[in-house]
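# Inside the fold
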Amino acid sequence: FGVWMERAFGLQLSALGMASILIGLSELGGEGLVGGITDRLGKERAVRAGLVINSLAALALPFLSGNLAAALAGLAVFYLTFEFSLVSSLPLMTEVLPLARATMMATYIGSLSLGRGLMDLLGPALFDQSTRLALLPGSEAGSQILASVVVTALFNGLAIWALSRLVRSAAALA
């Protein structure tokens, strides 16, 4: 989101550093919320709620590109709910294959790392190419962030679908 912040708001390196601190604190907050909320809500409901709120935060970002404070708040919610969903999913994954728990967790963490690595490679290209899509006429930065948001919302939707399948499969085995 650094390139978007730079293009949409003209932020310089020091201001982007401050935005990165906010994002880091948001991620830390999301991790901290897991201990207090996930056990009360239940693992499945916590992951689902985190993904839904994360998708809503992502979908709001293009509309927040006209106001720096609103955009920073939107990014804070996005990263907080991302970390909350991710960390809440860890105990859920330990229950998927109880007889092969270590293998399952290694595969899950490896898949997360692979996905993040691939998007680190593909994300900038998607962001740069999205100007050509003209999703939001007259707003280059808005078009670029909208393309990223659409991808995020699609993958979150896929995750919610997979979570539903996982829970149904686990219930059938029980």
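Computed from a prediction, not measured in an experiment: that's the story for all the values here. (Residues numbered from 1 in each chain as written. Predicted model: local features only at pLDDT ≥ 70, side-chain atom pairs only at ≥ 80, totals over all residues. Heavy atoms only, no water.)

## Comments concerning the confidence of the model for the protein chain
The share of residues in the protein chain with pLDDT of 70 or more is 86%, and the mean pLDDT across the chain is 82. The spread of mean pLDDT over the elements of the protein chain runs between helix α6 (residues 140-173), the lowest at 72, and helix α4 (residues 68-93), the highest at 92. In the model, residues 134-138 has pLDDT below 50 throughout and makes eight contacts with residues more than four positions away in sequence or in other chains. (pLDDT = per-residue confidence, 0-100. Helix = DSSP H or I, 4+ residues; strand = E, 2+ residues; numbered from the N terminus. Contact = heavy atoms within 4.5 Å.)

## Thoughts on the pattern of salt bridges
Here the structure, examined in full by the defined rule, presents two salt bridges. Of the charged contacts in the structure, one is a salt bridge between glutamate 95 and lysine 43, with a shortest N-O distance of 2.8 Å. Of this pair, glutamate 95 sits in the loop between α4 and α5 (101-129) while lysine 43 sits in helix α3 (residues 43-60), and the two are 52 residues apart along the sequence. Lysine 43 gets classed as partly exposed once you look at its relative accessible area, which sits at 27%. Across the pair glutamate 44 and arginine 48 runs a salt bridge, and its minimum N-O distance is 2.5 Å. (Salt bridge = Lys/Arg side-chain N within 4 Å of Asp/Glu carboxyl O. Buried < 20%, exposed > 50% of the residue type's maximum accessible area, 1.4 Å probe, protein only.)

## Observations concerning the packing of helix α1 (residues 2-9) against α4
For the pair α1 and α4, interaxial distance at closest approach is 11 Å and the crossing angle is 170°. With respect to α4, the element α1 is oriented roughly antiparallel. Residue-level contacts link Trp4, Met5 and Phe9 of α1 to Leu68, Ala71, Leu72 and Leu75 of α4. Here the residues of the contact of α1 with α4 sort into seven nonpolar, no polar and no charged. (Axes fitted to C-alpha atoms, helices over the stretch in contact; angles between N-to-C directions. Parallel < 35°, antiparallel > 145°, perpendicular 65-115°, else oblique. Nonpolar A, V, L, I, M, F, W, Y, C, P; charged D, E, K, R; others polar.)

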